[in-house]
Amino acid sequence: MSILVDPNDLRYDKRPRKNPQYRKKITNDKGISFNVILSKEGKAKYITFYDLRYKDKPFFSKYGQQVAKYYMNTLLGKDGYGSIKNRGLDLYGGVDDWYIDSNASNKLINWIEKTKHKLN
């Protein structure tokens, strides 16, 4: 039995991508949702947070308003600053809504651990 594969379905396309990105939606305890993008620039892997309330609005990206960008290893605690696991993270001190609580940070860390190998 053969399986028909849609050539536009990227799940079956194993060719390397120039700038692969992986996205997850994270919601804090206030109900504010963020698009979280895992990407690689050069040799560095980054996590970028976007406020979804601004998605597709003028002057903002298709992901929302960019709030913060971190090295992936910083959030995982691999560079000496400690992981955000079981702790919250203030994404931008000037805006009260821009943070993730400990539940959201645990989901985020679990997702990063499962997904980071795809950027090698």
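Fair warning: this is a prediction, and the values are worked out from it, not measured in the lab. (Residues numbered from 1 in each chain as written. Predicted model: local features only at pLDDT ≥ 70, side-chain atom pairs only at ≥ 80, totals over all residues. Heavy atoms only, no water.)

S.K.: Give me the packing of aromatic side chains: which residues, what numbers.
M.R.: Throughout the structure, instances matching the rule amount to five aromatic pairs. Note on Phe 49 and Tyr 70: the rings are 6.1 Å apart at their centroids and 85 degrees apart in plane angle, and the pair reads as edge-to-face. Of this pair, Phe 49 sits in strand E3 (residues 44–51) while Tyr 70 sits in strand E4 (residues 65–71), and the two are 21 residues apart along the sequence. Among the residues examined, Phe 49 registers a relative accessible area of 0% and is labelled buried. Pairing Tyr 50 with Tyr 63 gives two aromatic rings, centres 5.4 Å apart and planes at 50 degrees, and the pair type is tilted. (Phe/Tyr/Trp six-rings, centres within 6.5 Å; stacked < 30°, edge-to-face > 60°. Helix = DSSP H or I, 4+ residues; strand = E, 2+ residues; numbered from the N terminus. Buried < 20%, exposed > 50% of the residue type's maximum accessible area, 1.4 Å probe, protein only.)

S.K.: Talk me through the side chain of Ser 105; I want residue IDs and the actual numbers.
M.R.: Within the fold, Ser 105 resides in helix H2 (residues 102–115). A polar contact is formed between the side chain of Ser 105 and the backbone oxygen of Ile 84, at a distance of 3.1 Å. Among all residues touching Ser 105, those that are not within four sequence positions of it are Ile 84, Asn 86, Arg 87, Gly 88 and Ile 100. (Polar contact = N/O pair within 3.5 Å; in protein donor to acceptor, adjacent residues only side chain to side chain. Contact = heavy atoms within 4.5 Å.)

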